[in-house]
Structure formats: structure tokens, C-alpha cells
Amino acid sequence: MIPSLRYSIFVALAATLAACSAPDAISVSGSSTVLPAVSKAADQYSAETGISVIVNAGGSGGGFNQLAEGQTDIGMMSRDITAGELGKFASLNFQEIAIGRDAVVPSISSEIYDAGVTALTLSQISDIYSGRVDNWSEFGGPDRAIFAIDKEASRGTRQIFMKVVMGDPKAEAAGADLVTGSNNEEQTALTQSDAAIGMLSYAWLNEEVRGLSIILEDGKRIEASLDTIRTGEFPFVRNLNVVTRDDTSQAAQAFIAYLLGPKGQKMVEDAGYIRVSN
Amino acid sequence: MSERVNIRRVQEKCFAFILRASLALCGGVLVFLLGSIVVKGFGSLSLDFFFTPAKDFGKSGGVIYQILGSLLMVVAAAVLVLPLALGTAIFQISYNARPKIRYVLEQSLYALNAIPSITYGLFGLIFFVNVLNTGISWFVGAVILAIMILPTAILSTYQAMAAIPKTYQENAAALGLTKAQVIRRVTLPQSFHGLVTGLLIGLARAIGETAPIMFIATAFSGVTVPQSLVEPVSTLPTHILELAQQSTDPQALQNAWGASLILVGLVAGFSGLALLIRSRLSSEGRK
Amino acid sequence: MSVITLNPPSSRKYRFSGTQAYCFASAALSILIVGTILLTLLVQSGPILLTGNADIIGTKWNPSDGKFGILPMLFGSVFVMSIAVSIAFPVGLMAAVYIAETRSSKLRRVLKSTLEILAGIPSIVYGLIGVTYLNIWIADLFDLQSGRIILTAGILLGIMILPTFLTLTEDAISAVPVKYRENAKSLGLYRHEVFLSIILPKAKSGIAGAGLLALGRALGETMAVMLVIGSLDRLPSPLLNPLSSGQTITSKLGREVTESAFGSPHFSALVFMGLLLVLITIFLTIASRYLFRQKDQHV
């Protein structure tokens, strides 16, 4: 009994060492905004080539950290790498490659939209998130308290939104009543509420969660649409990036080439975003 | 005087009511919990759900790789914990001379049992994923789960060993067997059911855990059967976590309930097996 | 002991058998694991503890500004735990009294095994129930915009620790010898008087031990809480408002650990919270074991 146990421990150890050197699948990790496009493309790529592509969520910041620490082959980011992030890993070189374009859209519960609040200025949105205004009646809506939904600080969606609205991607939102993580979670919270405002990727808007138009300082009103995102008129447009390091494997590079090719770009469109190449 | 009796009688009535109400409340919660898992879960169960991979971020398709991933990880955890639990239990029962060492060991095991599951995940992330640089790997998840179930496995084995009548070992020793021989010929066979039961109870707990493995061992999509030890897998609990975050999507929600029912079924299966083996083997061992 | 003396002294002193080596190594490894976990968490907490200006005992958490005040999370953990306990303890205690007094041993067995099933439901499934039912009911009940609040987390957690508390409390009450209760009843005492004057004093250490163990569970629970608490890193205002969103140490860890870079002050601050949690739960467990032992001596 005991010798056979010792033997099995030995075998297990040997197997561990052997398996550690086995060739790996491609792993991709990061932004929940970029994820749907990459994940769909990954499924198709695996089916075509037999190479498995493992896709993991965790937010843009998480994706970058995992890439920098060598735990994933490709990071997904719905924003640019910040100077602070680069500084933490100064010895490494990173490449950002845009695979699609998207917009963050200030989104509200359909009840408020239907009651007449369909557009706001940036400073009005800023008033909501900094806690200066807390009732929809101030913007011509019903007399209901505004339920402001924030996102976790490292999320790409939040950083674009806060940069445009408050001027600082890391701004604190004193007016926030709830914090969510992924787009799915934010969408759920907006749907369940009847007086909420939040921030969503364009692809997550639907009948229950409506995107606000933005009124610019010159009075021009810009609706969130694929057209205004493509032209860059809508103020919250961003690139959806995949990020690599200098030592990223050939296999991972091949997958990125696939993402930028016609089939990958179709998946970007299917996921509700705008392609970067034809 | 009679007024005093009346007050007492009213108090008694109230007390009886509170007792019944509390039990009814507990019963109500129980029926609601199990009822909703079973009723909601059965709605999405089908052969396809068991045997096809997840599609569309879990909204359609089944959970085959989640079931396989969960089972792979907990079975590996059991294999890892088995020799360690056995050795420690024998040490406690046969070799432990100094009370101080015994005390340290006991307190360590209680501490291990008390540590919140999320901090096991944190420890795994630091120690394995970063310091030993394993990356996100199902095997690291199995190691962490093994550590989590270690106290249960040791305790169960130890109790079975302690229940062996002292005369057995004494007789064996009187026949001239060495200590190691006594352990191999008497202690082990007589307490094997304790080890198996402990492992199964541990498995039942480990398979339902999300927090310890979500940083270190699992991935969201694209996972099939891992080809090496350093790949992530997908598991039932982490799959439910993803689906629970999109709870306004009826399809996602339905699949979350289906996965929950399977998970609860696996937990109940391992626990049931543990009970069965405890009653079977412990009575056989005595013969 | 008698086993050892039957062997020649020389063999026990100088021959170190393989079995012995294996058992010693196993025990040493078991102790080593606990030490490694604590040491790892301590070492990784180092950076944030050594930088004096991080304001750990503050109310602001903003990693980009280097502010790592853990008070909102600490308060959230205690608040949620208090709500859970104030639901689970009275209900659990009363139900335990009822079960313990039941004469039918069959009914008692059925009840106990159902409780074990309940305790075995994985926490993520409780989370799913919280997300689909409880959070919506609570939002409707209090007319809120979202049910992802401290109260929801507290109630859900109360339901989760109920089986553990109930089972252990019932054990403690059943351990009070029947003759005490019979004597009291024959003196003409009503059931509530028996409960207050006999059962409660006799089973008090056991019940308290069960309570501490349940507290530890409540503090360490992650998944269910994380899904329904709302993740707001702010002290509620007013402070004791259970209808506000909040954050516990566990939900903070669950959501933010993967987003912080290993080795950064941000990561270190999160690990420090984890270490704090571990130390508190270990303390609670040791205290509850002490109380359980007290019970053995009294009865």
C-alpha cells in the first residue's frame, strides 16, 4: 500500500514536469467589451485550424496585467494602455492593435427615455455623476431620483466615459449609487431599474436600455449610431484593441491576423461593432 | 394568583407560536430553495444540455466541458490529498508522542478549515500563478482545492482510526509485528472507510466552490479538454457566475438554473456516496 | 504506548522505517501548508503596510490616487454579518428548540439530514437565487431602483448560515440531559420557563460556539454576497442605512484581485484585507472551539 502510494506520487510529479513543457493553446484575456467579437472569432478559428483559443473575461486592466505578467498570450483592451501601466512594466514593449471600433453610450432606463429625456449635454451628465443633480425633473423628465450606475475603476468603458464627461478617466463619481462590472451586469441593473443612468458599449443597447443622444456645446445633437461612431462625431468613440508583447508567439500572431482578416472582421460586425478594415 | 397563571399561560402560548413559526419559516425557505432549483433547473435539462458544449457565452448549447472540468479538478484534488491525509492521520494516531507537536498540528488543521475560500484563491494566485509562474491552470486549482479539503479528509480518517479497538493493535504487536507492520496490516484496512468517506465529503464541498478557483484555474470560453496541466478549464460554478451576471436574459438564466441543478446533483451524489460507504464499510470493517 | 514498549528499544530508536518517514513528512507538510499560506499573505501585505501614506485606515478607496482606505469594506463586512446574524440566530435557535424537543427520532433524523442538504448547496447557487429573486423582491418591497444592497446581501447570508447554526445549536440543546428537563416539567414549569431557566443556561457555551462558527462563515462568504451587494466602495449614508449599496472585504477581493497588478500597492492592499479576514476567522474558530470544550465540561 505505502510503496505504491509513494510510487504514484513520483509518477504524478514526473507527469507534472512533462506536462509543463507541452505546447499550449492560445490564451486571450481582458475586456468584456472586446470579448464577444474575439470569442466568436476564436470558436470559428478553432473549428477551422484545430488550435484551441481560450478566451477569458476580466476587464481591460486585468487583461493588460495578465499579459504583462506572462499569464496570457493576448490582452484585450477597450481603451489605450495608460502611462501608469506602461511605467509598471517599463522593461517590456507592448503593441496595441485595433480590431474594431465602438462607442460608450450614456444609457438610461427605457421608462425615462419614453418620458422624454432623450438627450443630455456632457455637463449635465457630469452633474449627475458628481452628485450635483439628483432628480430627472431637472432635465424635463419625471419627478424621480436619478439612480446613477458606475463601473469598476479599471474597466475600459468607465475610463473612456469619465474622461469625456469629467475630464479624468479616474475621476471619482460621488453621485454613483451602484457599481457594476461587465457590460452584462450593467445592462441587467439598468433594465431592472426604472430611473437609472449608466454607461454601456453600443452593442449592449436594446429596447429596455436606451442610448442617450449627446447635445454638443454648439447645440448640435448627436445620436449614437454606427454612422456617428464611424465618423468619430459621437464623443465617446474608442478603439477595441488586442495587445501583445514583443515575445508573443507565432501562433498568437496568426490568430490576430485572422481577427484582422475578412472572417475576423465579420465577427466584429456580428458582435455589433464597426470593422477597421475591409 | 390566578392572574399570574394566566400571564404564564399566555407566555407559553406565545412561546409555542414562536417555535412553530420559526420552524415553519425554516421549512418554507428550504422548500423554496430546493423547489426553485429543481423546478427551474428541470426546465432546461435535456440530453443535449449534458452533452454539447456551451455556445454564445453560455446562452445556448450545453455544459459538457463545464461538467468535465469540474470533475477533473475535484478528482485530481482527491488524488492529491489522499496520501497526505493518510500519512498525517497515521502520524496523529500512531507516532504522536509530544503533546506540543500534536497541539500545533491540530490547531493548524482547524485554522486551515477556518480560512475563507476566497483567500485560498488569493494564496494560489500569489504562490502558484505568480511566484512559481504556472499561469492560469486547472492543476493549480486542483492543488488549492486539495488543501481546502485536507482537514476534512484527515479528521474523517483519524476518527475511523481512533475507533479501532486498542486490543487489535496490541494483539498484532504481541504477535511480533513491527509498528509499521501493525499500521499496514491492522490500522489501514480497519480505517479505510474513514479515508474514503472523508474524501467524498471533501469532494462534495470542493465541486461547489467558486471563489478559490476563479482567479487561478478557469476561463470563460473556448475551453475543451485540457491537453496539459497548465491550461485553464471551465467549471460549473464559474459558468453559473458568468450567467448570473446577465440575469435579465431569459436564455442565460435558464441555462444558469440547469447548470445549478446539475451542480447540486453532483454535490448530493458525492455526499450520498459518502453516507453509503460510511454505513457499509464501517460495519464490514468490524467483522 | 504499550505497542512501542513491546519492540526492542534499539529498533525504535535508530531504525527510521519508510512508513515512519512518510507519516512524519505528511504531518510536517500539513503544518507547512498553513504556515506558507499565512506567510505568503503577510509578505504580500508588506508593501502597503510599510508605505506610511497609503491611508489604510481611511474611507476612500481610489487606487489611481494611491488611496487604499479599507474602512468601507471592513464596515460592509461587519454590517452584512450583523444583519445575517440577527436573522439566522433567533430563527435558528427557536427552530432548534422545537426540533430538540421533538420526541420522534425519525422526524429529527429527517430534519437533520435536510439541513445537511441545505448546507451543501454551493454558494454560487445562493447567489443565483439572490440575483433572480431576492434582489427583485427587495427592490419592489422598498420601492428601490436596485435591490443590490447591503440588506439583500445580509438576508441571503442569513439564509446561508442558518443550517450550520441550527444544526450545531440543536446538538448543544440535545446534549442537555433529559432528566433536567423532565424534573423541571414535573415541577409544573411551562416550556418557555424550562427553556429560559434550564436549557439556555446549560447549553449556553454550545450555542455561543455555534454562533461564532456561523459568524466566521458569514464573514468569509464571497460569491453570493458579491453578486447582490452593489460593489460601492463607500460608507453608507446615513451610516446604518441597510438600503444602500456597499462592499464587503470578500466581494472586493472577488471583483478586484484580477484587475490589480501583482506586486503593486493596489494588490498589496487587497492582500492585506485578505490577511485581516483570515486572522479574524481563525480567531472566531479557535474561540468557538474553546466554547465547545467548555460545554463538554459542564454537562
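Each chain carries its own residue numbering, running from 1 in the direction its sequence is written. Starting at A for chains and at 1 for ligands, labels are handed out in the order in which the entities are written. In keeping with the model being predicted, local features are shown solely for residues with a pLDDT of at least 70 and side-chain atom pairs are shown and tallied solely at 80 or more, while totals for entire chains, interfaces and linings include all residues. To obtain the side-chain values, all non-hydrogen atoms of the structure were included, while hydrogens and water were left out.

Q: Kindly report on the overall build of chain C, identifying the contributing residues and their values.
A: Numbering goes from the N terminus for both helices and strands, where a helix is a DSSP run of H or I of at least four residues and a strand is a run of E of at least two. Along the backbone of chain C there are 12 helices and 2 strands. Starting at the N terminus and walking to the C terminus, you meet the elements of chain C as α-α-α-β-β-α-α-α-α-α-α-α-α-α. Relative to the 2.2 N^0.38 estimate, which gives 19 Å for 299 residues, the radius of gyration of chain C is 24 Å and therefore markedly larger than a compact globule would have. Seen through its principal axes, chain C has C-alpha atoms that stretch 70 × 65 × 30 Å. Across the 299 residues that make up chain C, the buried fraction comes to 57%. Residue contacts follow a heavy-atom distance rule, with two residues in contact if any of their heavy atoms lie within 4.5 Å. Taking the contacts inside chain C whose residues are at least 6 apart along the sequence as the reference set, 73% of them involve residues at least 24 apart. Every accessible area reported is derived by Shrake-Rupley at a probe size of 1.4 Å, with residue values counting cover from the shown protein chains alone. Of the roughly 12,500 Å² of accessible surface on chain C, a fraction of 66% belongs to carbon and sulfur atoms. His is not counted here, nor are the chain ends, while Lys and Arg score as positive and Asp and Glu score as negative. Think of each charge as sitting on NZ of Lys, CZ of Arg, CG of Asp or CD of Glu. Each charge class in chain C was averaged separately, 24 positive and 15 negative side chains, and the resulting centres sit 13 Å apart. The size measure is the radius of gyration over C-alpha atoms, and the globule rule it meets is 2.2 Å times the number of residues to the 0.38 power. Any residue under 20% of the maximum accessible area for its type is buried, any over 50% is exposed, and the rest in between are partly exposed; the area is computed with a 1.4 Å probe on protein chains only.

Q: Go over a negative patch on the surface, please, and point to the residues and values.
A: Negative charge collects at one region of the surface, where Glu111(A), Asp114(A), Glu207(A) and Glu208(A) lie side by side. Relative to the assigned elements, Asp114(A) resides in helix H5 (residues 110-114). Without a salt bridge and with relative accessible area above 30%, a residue can belong to a patch; like charges are then joined within 9 Å and nonpolar side chains (Val, Leu, Ile, Met, Phe, Trp, Tyr) within 5 Å. Salt bridges, as used here, are contacts in which a Lys or Arg side-chain nitrogen is within 4 Å of a carboxyl oxygen on Asp or Glu.

Q: Describe the pairing of strand E3 (residues 74-77) of chain A, naming the residues involved and giving the relevant values.
A: Residue and element names in this part refer to chain A. Judged by which residues are buried, E3 turns out to be covered on both faces: Ile 74 and Met 76 on one side and Gly 75 and Met 77 on the other are all buried. When DSSP finds at least two bridges between two strands, those strands are taken to pair. Pairing of strand E1 (residues 26-30) with E3 involves 3 bridges; the strand directions are parallel. Bridging across to E3, Ser 29 finds its partner in Gly 75. Where E3 meets strand E12 (residues 237-245), 3 bridges bridge the pair, whose relative direction is antiparallel. From the neighbouring strand, Gly 75 faces E12, where its bridge partner is Val 243.

Q: Which residues make up the interface of chain B and chain C, and what values do they have?
A: Facing the 79 residues of chain B at the interface are 76 residues of chain C. For any pair of parts, buried area is found by adding up, for both, the accessible area (1.4 Å probe) each one loses once the two are put together. In this assembly, chain B packs against chain C so that about 7,000 Å² is buried in total across both faces, 79% of it on carbon and sulfur atoms. At the boundary of chain B and chain C, one finds 2 salt bridges. Residues Glu12(B) and Arg191(C) are paired through a salt bridge, measuring 3.5 Å at the closest nitrogen-oxygen approach. A 3.5 Å cut-off defines polar contacts: any pair of N or O atoms within that distance qualifies, except that in protein one atom must be a possible hydrogen donor and the other a possible acceptor, and neighbouring residues in sequence count only when both atoms are side-chain atoms. Taken together, chain B and chain C are joined by 12 residue pairs in polar contact (both at pLDDT 80 or more). Per-element tally for the side of chain B that touches chain C: the top contributor is helix H1 (residues 2-44) of chain B, with 21 residues.

Q: How would you sum up the domain arrangement of chain C? Please name residues and give values.
A: All names here are of chain C. Segmentation into domains, and thus their bounds, comes from an automatic or database assignment. Examined at the domain level, chain C breaks down into domain 1 (10-44) and domain 2 (48-298). Domain 1 and domain 2 are separated by 34 Å when their C-alpha centres are compared. Of the residues lining the interface, 4 residues belong to domain 1; the matching set on domain 2 comes to 7 residues. Roughly 560 Å² is buried in total at the junction of domain 1 and domain 2, and carbon and sulfur atoms are behind 77% of that figure. Interface area lost by domain 1 to domain 2 is led by Leu 38, Leu 41 and Gln 44, which between them contribute 86%. Applying the counting criterion to the domain 1 and domain 2 interface returns 1 residue pair in polar contact (both at pLDDT 80 or more). When the residues that make up the side of domain 1 that touches domain 2 are grouped by side-chain class, the tally is 3 nonpolar, 1 polar and no charged. Residues were grouped as follows: Ala, Val, Leu, Ile, Met, Phe, Trp, Tyr, Cys and Pro as nonpolar; Asp, Glu, Lys and Arg as charged; and all remaining residues, including Gly, as polar.

Q: Before we move on, could you go through the environment of Lys40(A) and cite the residues and values that matter?
A: Within the element layout of this structure, Lys40(A) appears in helix H2 (residues 35-49). Looking at Lys40(A), the relative accessible area reads 27%, which means it is partly exposed. C-alpha separation for the pair Lys40(A) and Gly219(A), spaced 179 residues apart in sequence, amounts to 40 Å. Setting aside chain neighbours within four positions, we find Lys40(A) in contact with Met267(A), Asp270(A), Ala271(A) and Asp56(B).

Q: Report on the domain arrangement of chain B, specifying residues and quantitative values.
A: Interface size is commonly expressed as the accessible surface area that is lost when the partners come together. All names here are of chain B. For chain B, the domain assignment lists domain 1 (2-44) and domain 2 (47-286). Here domain 1 and domain 2 have C-alpha centroids that lie 35 Å from each other. Of the residues lining the interface, 8 residues belong to domain 1; the matching set on domain 2 comes to 7 residues. Here domain 1 packs against domain 2, burying approximately 670 Å² in sum over the two surfaces, 76% of which is carbon and sulfur. Counting the surface domain 1 buries against domain 2, the share from its top three residues, Ile 37, Lys 40 and Ser 44, is 69%. Joining domain 1 to domain 2, the criterion identifies 0 salt bridges. Our enumeration of links across domain 1 and domain 2 arrives at 3 residue pairs in polar contact (both at pLDDT 80 or more).

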